[in-house]
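In case you want the letters, here they are:
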Amino acid sequence: MVLTPPPKVNPITVLQTKYEELDNGLRGWLAKHESSLPVVAITSSIKGAAVGGIAGGFMGILFRNNASSVLPPYSCRRLNYQGMVSFQKSQQALRCGPLIQARNFAMMNAINTGMYSVLERIRGKEDVQGSMVAGFCGGVMLSIVSSGMGGPKMATEAVKSGIFYALVQGGVYQLLGGPKFFSQPPVEKKKS
């Protein structure tokens, strides 16, 4: 009797497969039940939060040791954003540990995907305007969450971050080919 070692399995492939199964099951359930707008918003936001949290955690792990050589040191506990521009604030948000980044990315992605799903459902189509509005809302939420809800210039900084993320989201949407890249097939959807 010859014992063969078990085949090597790539954990990322396993996670990706499980994610696709969950995503397909969720989409099937939503299509089957023709869910209401709140159900679509909640389920897409939860999915977005999970994806954003995982991505943020990985980024926190990757940049935890490398950030000190590129970016100046600071304390993640007492962030002072007075007089800082949004780009500098985003850099500080990226230099915190994996849990802080997971929280920030989860919140931003939850708002982004939830808003995009709601707009798609209300308007009946996927387009760059919906993508940019969702990006704006996600950028504003990232700014608010990462700033610790304080500072006299928080509103203006949140709007600046929202505009930046809206432009990035719109640019990515256009660069990748719009709805034909993000969803297959039909672009026009029936209104509910």
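Conventions and cut-offs
Residues numbered from 1 in each chain as written. Predicted model: local features only at pLDDT ≥ 70, side-chain atom pairs only at ≥ 80, totals over all residues. Heavy atoms only, no water. Salt bridge = Lys/Arg side-chain N within 4 Å of Asp/Glu carboxyl O. Helix = DSSP H or I, 4+ residues; strand = E, 2+ residues; numbered from the N terminus. Buried < 20%, exposed > 50% of the residue type's maximum accessible area, 1.4 Å probe, protein only. Expected span 1.5 Å × (residues − 1). Phe/Tyr/Trp six-rings, centres within 6.5 Å; stacked < 30°, edge-to-face > 60°. Axes fitted to C-alpha atoms, helices over the stretch in contact; angles between N-to-C directions. Parallel < 35°, antiparallel > 145°, perpendicular 65-115°, else oblique. Left-handed = near helix turned anticlockwise from the far one by under 90°. Nonpolar A, V, L, I, M, F, W, Y, C, P; charged D, E, K, R; others polar. pLDDT = per-residue confidence, 0-100. Contact = heavy atoms within 4.5 Å.

Peer 1: Explain the pattern of salt bridges to me, using residue names and the numbers behind them.
Peer 2: Taken as a whole, this structure holds three salt bridges when the rule is applied. As a salt-bridge pair, Asp 23 and Lys 47 come within 2.5 Å of each other at their nearest N and O atoms. Here Lys 47 lies in helix H2 (residues 37-70) and Asp 23 lies in helix H1 (residues 11-33), a separation of 24 residues in the sequence. The exposure class assigned to Asp 23 is buried, which follows from its relative accessible area of 14%.

Peer 1: Any details on helix H5 (residues 128-147)? Residues and values, ideally.
Peer 2: Along its 20 residues, H5 runs 28 Å from first to last C-alpha, staying within 8% of the 28 Å computed at 1.5 Å per residue. For H5, the buried fraction is high: 14 of the 20 residues fall into the buried class.

Peer 1: Residue-level account of the packing of aromatic side chains, with values.
Peer 2: Ring pairs (aromatic) are described by centroid distance and by the angle formed between their planes. The final tally for this structure, using the stated rule, is one aromatic pair. With a centroid separation of 5.3 Å and 80° between ring planes, the pair formed by Phe 164 and Tyr 165 is classed as edge-to-face.

Peer 1: I'd like a description of the packing of helix H4 (residues 98-123) against H5, backed by residues and values.
Peer 2: Any two packed helices are characterised by how steeply their axes cross, that is the angle between the axes, and by the distance between the axes. Where H4 contacts H5, the axes come no closer than 8 Å and their chain directions differ by 150°. In terms of their interaxial angle, H4 and H5 are classed as roughly antiparallel. Pair H4 / H5 crosses with right-handed handedness. Of the residues in the contact of H4 with H5, the class split is twelve nonpolar, nine polar and two charged.

Peer 1: Now, about the packing of H5 against helix H6 (residues 154-175): what can you tell me, with residues and values included?
Peer 2: At a minimum axis distance of 6 Å, the contact between H5 and H6 shows a crossing angle of 140°. Comparing the axis directions of H5 and H6 gives the class oblique. In the crossing of H5 with H6, the sense of the turn from one axis to the other is right-handed. A per-class count over the contact of H5 with H6 returns 14 nonpolar, ten polar and one charged.

Peer 1: Residue-level account of the confidence of the model for the protein chain, with values.
Peer 2: Taken residue by residue, the protein chain gives an average pLDDT of 77. The fraction at 70 or more is 71%. By mean pLDDT, the top-scoring element of the protein chain is H6 (90), and the lowest-scoring one is helix H3 (residues 86-95) (52). The low-confidence segment residues 67-75, where pLDDT is below 50, has nine contacts with residues more than four positions distant or belonging to other chains. Counting contacts from residues 77-87, a segment whose pLDDT is below 50, to residues more than four positions away or on other chains yields 16 contacts.

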